[in-house]
Every structure is written in structure tokens, then in C-alpha cells.
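# Examination of the molecular architecture
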Amino acid sequence: MAEVVIVESKAAAGALVADEIVALIDSKPDTVLGLATGSTPLPVYEALRERLAGHDVSRVRGFALDEYVGLDPEHPESYRSVITREVIEPLGLDPARIRVPNGAVETIEHAGDDYELAIDAAGGVDLQILGIGTDGHIGFNEPGSSFASSTRVKTLTEQTREDNARFFDSIDEVPRHCITQGLGTILRARHLVLLAFGEGKAAAVAAAVEGPVSAMLPGSAIQLHPHVTVVVDEAAASELKLADYYRYTFANKPAWQGI
Ligand code: GLP
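Residues numbered from 1 in each chain as written. Predicted model: local features only at pLDDT ≥ 70, side-chain atom pairs only at ≥ 80, totals over all residues. Heavy atoms only, no water.

### Considerations on the layout of surface pockets
Roughly 400 Å³ of volume is contained in the largest pocket. Around the largest pocket sit 23 residues that line it, and Gly38, Ile132, Gly133, His137 and Asn164 are the ones nearest its centre. Tallying contributions element by element places helix α5 (residues 158–164) first for the lining of the largest pocket, with three residues. Residues belonging to the lining of the largest pocket are distributed by class as follows: eight nonpolar, 11 polar and four charged. Size it by volume and the second largest pocket reaches roughly 250 Å³. Every residue lining the second largest pocket is counted, 18 residues in all, and those nearest its centre are Val100, Pro101, Asn102, Gly103 and Ala104. Residue assignment for the lining of the second largest pocket shows that the elements contributing at least two residues are β4 (66–68) and α4 (108–121). Within the lining of the second largest pocket, the residues separate by chemical class into eight nonpolar, five polar and five charged. (1 Å grid on protein atoms, 1.4 Å probe; cavity = no way out; pocket = protein on both sides within 12 Å on 5 of 7 lines; lining within 4 Å. Points joined across faces, edges and corners; volume = space filled by probe spheres on them. Helix = DSSP H or I, 4+ residues; strand = E, 2+ residues; numbered from the N terminus. Nonpolar A, V, L, I, M, F, W, Y, C, P; charged D, E, K, R; others polar.)

### Observations regarding the site of the ligand
In the neighbourhood of the ligand, 13 residues make up the surrounding shell, with Ser39, Thr40, Asp66, His137 and Lys201 lying closest. Between Ser39 and the ligand, the recorded distance is 2.7 Å, taken from a side-chain N or O atom to an oxygen atom. Ile132 places a main-chain nitrogen or oxygen 3.4 Å from an oxygen atom of the ligand. Coverage of the ligand by the protein amounts to 94% of the 390 Å² it exposes when considered alone. Comparing atom positions with the cavity grids shows the ligand to sit within the largest pocket. Residue composition of the shell around the ligand, by class: three nonpolar, seven polar and three charged. (Near = heavy atom within 4 Å. Polar contact = N/O pair within 3.5 Å; in protein donor to acceptor, adjacent residues only side chain to side chain. Areas by Shrake-Rupley, 256 points an atom, 1.4 Å probe, with all protein chains shown as cover. Sits in = over half its atoms within 2 Å of the grid points.)

### Observations concerning the sheet that holds strand β9 (residues 191–196)
Strand order across the open sheet formed by seven strands is β1-β10-β9-β6-β2-β3-β5, with parallel pairing between neighbours. The open sheet has two edge strands, β1 (3–7) and β5 (98–99), and neither has a second partner. Judged from the two bridges that link them, strand β3 (residues 61–64) and β5 form a sheet pairing that is parallel. From the neighbouring strand, Phe63 faces β5, where its bridge partner is Arg99. (Pairing = 2+ DSSP bridges.)

### Re the environment of Pro43
Here Pro43 is to be found in helix α2 (residues 42–51). Using a relative accessible area of 14% as the deciding quantity, one classes Pro43 as buried. Sequence-wise, Pro43 and Gly184 are 141 residues apart; in three dimensions their C-alpha atoms are separated by 27 Å. Residues within four places of Pro43 in sequence aside, it is in contact with Lys10, Gly14 and Phe197. (Buried < 20%, exposed > 50% of the residue type's maximum accessible area, 1.4 Å probe, protein only. Contact = heavy atoms within 4.5 Å.)

### A short note on the nonpolar core
In terms of nonpolar packing, the biggest core is built from 78 residues, with Ile21, Leu48, Leu195, Val230, Val232 and Leu240 touching the most fellow members. Excluding residues within four positions of it along the chain, Val230 makes contact with Ala2, Glu3, Val4, Val5, Leu194, Val209 and Ile222. (Core = buried A, V, L, I, M, F, W, Y, C linked by side-chain atoms within 4.5 Å.)

### Looking at a nonpolar patch on the surface
Nonpolar side chains collect at one region of the surface, where Met1, Leu242, Tyr245 and Tyr248 lie side by side and expose about 510 Å² of accessible area between them. Of note, Leu242 is situated in the loop between β10 (228–233) and α8 (243–251). Here Leu242 falls in the partly exposed class, since its relative accessible area comes to 37%. (Patch = residues over 30% accessible without salt bridge, like charges linked within 9 Å, V, L, I, M, F, W, Y side chains within 5 Å. Salt bridge = Lys/Arg side-chain N within 4 Å of Asp/Glu carboxyl O.)

### Overview of the side chain of Thr40
Positionally, Thr40 belongs in the loop between β2 (32–35) and α2. Leaving out residues up to four positions away in the same chain, Thr40 has contacts with Gly131, Leu195, Ala196, Phe197 and Lys201.

### Topic: the packing of aromatic side chains
Under the definition given, this model contains six aromatic pairs. Residues Phe63 and Tyr115 carry aromatic rings whose centres are separated by 5.6 Å and whose planes lie at 80° to one another, so their mutual orientation is edge-to-face. Here Phe63 is found in strand β3, whereas its partner Tyr115 is found in helix α4, with 52 residues between them in sequence. Here Phe63 and Tyr115 have matching classes, each one buried. Aromatic ring contacts, followed pair by pair, group Tyr68, Tyr79, Phe140 and Phe168 into a single cluster. (Phe/Tyr/Trp six-rings, centres within 6.5 Å; stacked < 30°, edge-to-face > 60°.)

That's the geometry; what it means functionally is another story.
What follows is the structure, encoded as C-alpha cells:
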């Protein structure tokens, strides 16, 4: 089962995950990180900023989960721009080593296969950061996505377009298609770290962690992975049936184990 860590704040979640990433980079300087966008991973990137100062990050590699199709990469809300602004620049990573799926319409037919080949060539993702959508999507794998799927083009649900409209001037600007790592791609990463904050995510978190494994709730794919850490605040944990057990387990965890 996933290890669930219930923390008191976003900052505490960021610190916990950032400590793990720093240890990983120190032990493997060419660590391959799976990078997520959205508001959820920001506390991790913030915590990494101070923790990575003085560490050698010149060989760190990264693969973003997803990108909008047909949105100019220079648009401030393209995931290429978001990853540059939130991750590459503040952490001092080498932009040439950080890839984002290519959402250009002209080459979209083979963009998914190209991305899979690049992840394989890098030796796979060591640690994949994940958020979760209110409908249970991870990456942009909307309900119904195959657990065996690899990077490909998907159509966004109206719910996701509405959720993401806050980043754009109007909902009409939100693209209808995206290119996303598949659930199969995500499951090939060696360690999955899923974060969620706030009441709005409570139902999706409970369904992903404790509900039936179902393509209708793509986040439930994490139950098929042998090494998953779910880091949530009290509000996002509020619908977990085994919350007390998770608290007890974490409080009694041997220090050497890490997350
Ligand atoms: C988007 C991203 C997902 C992210 C989700 C949740 O749809 N493609 O990777 O997990 O939004 O966003 P937020 O973290 O802002 O709640």
C-alpha cells in the first residue's frame, strides 16, 4: 500500500519531499526527476531552492509530465514556461537536461513516442512528483485512461479545463488537447510521490489511495506501484478511512527508512 504521510502544512510537505530529493541527488548526481506542474508541487520546489544551494545539480535531468497541445511554448502558461519559471531557473538546473513533451501540432503524431524513447534513454525516472486533479487525474490522464498507456495526446475534460481556466484570461484560451505521460509511463518511475492539499482534493485522494483500482479514477493506479509516498495536509486527508493508522505508522517509522 502507499505510504501516507499527513503533514500540518504545505511547507512541511515541501520540506519532507525536498529532503528526499536532495539525498537522491547527492547519491546520484544525474538523478532523473519527474516534474509536475500545477500549484501543488510548488512548496517542494520552494523548499528545494534553499536546500540545493551548494549542491552540484549540473547533471540532474528531468521530464515533465505533460504539456498543452497547440499552445505557444513561450505562452506564460505553457508547461514549458511553467517548468522554466518554477523549476529550472530557481533551482539552477541545466535547461538542456530538462524535457517537456512537445505540444507543437506539426510534430504531435510522434511526439509521444519520442518522449518515451528519451525517458528510456535516460534510464527511467527515479522520483516522480505528482499532483492530483479533482476528478482523480494524474498528469493529464483523465478518467478512463488505460493503466498501460504511454505518452500520448488526450482530450481534456471540461472539468479540467474549468479548473485550469484560472491560469488563463478566459476558459476559451484553455487548450482542448494535451500530451501527457501515460499511466504506464508514470508506473515505470522508481518512486512516486503524490502530493495533495485542501478539502477539494479529499475525495480524489481517498479514492486513489483506498478506493477500488479503476481506470475511472486514474490516480488509483498508484496502488499498483511498489514504492509510493502520498503526502497530504489534514484537509486533503479528511476522507481517508485509515488516517489514524497512517499517522501511527509514520510516527513509528525507523529513521533509516526515508520516505
Ligand atoms: C493539472 C496538471 C496535473 C495537476 C493538476 C492539479 O491538470 N496537469 O499534473 O496534478 O492540474 O493541479 P493543482 O496542483 O494546481 O491542483
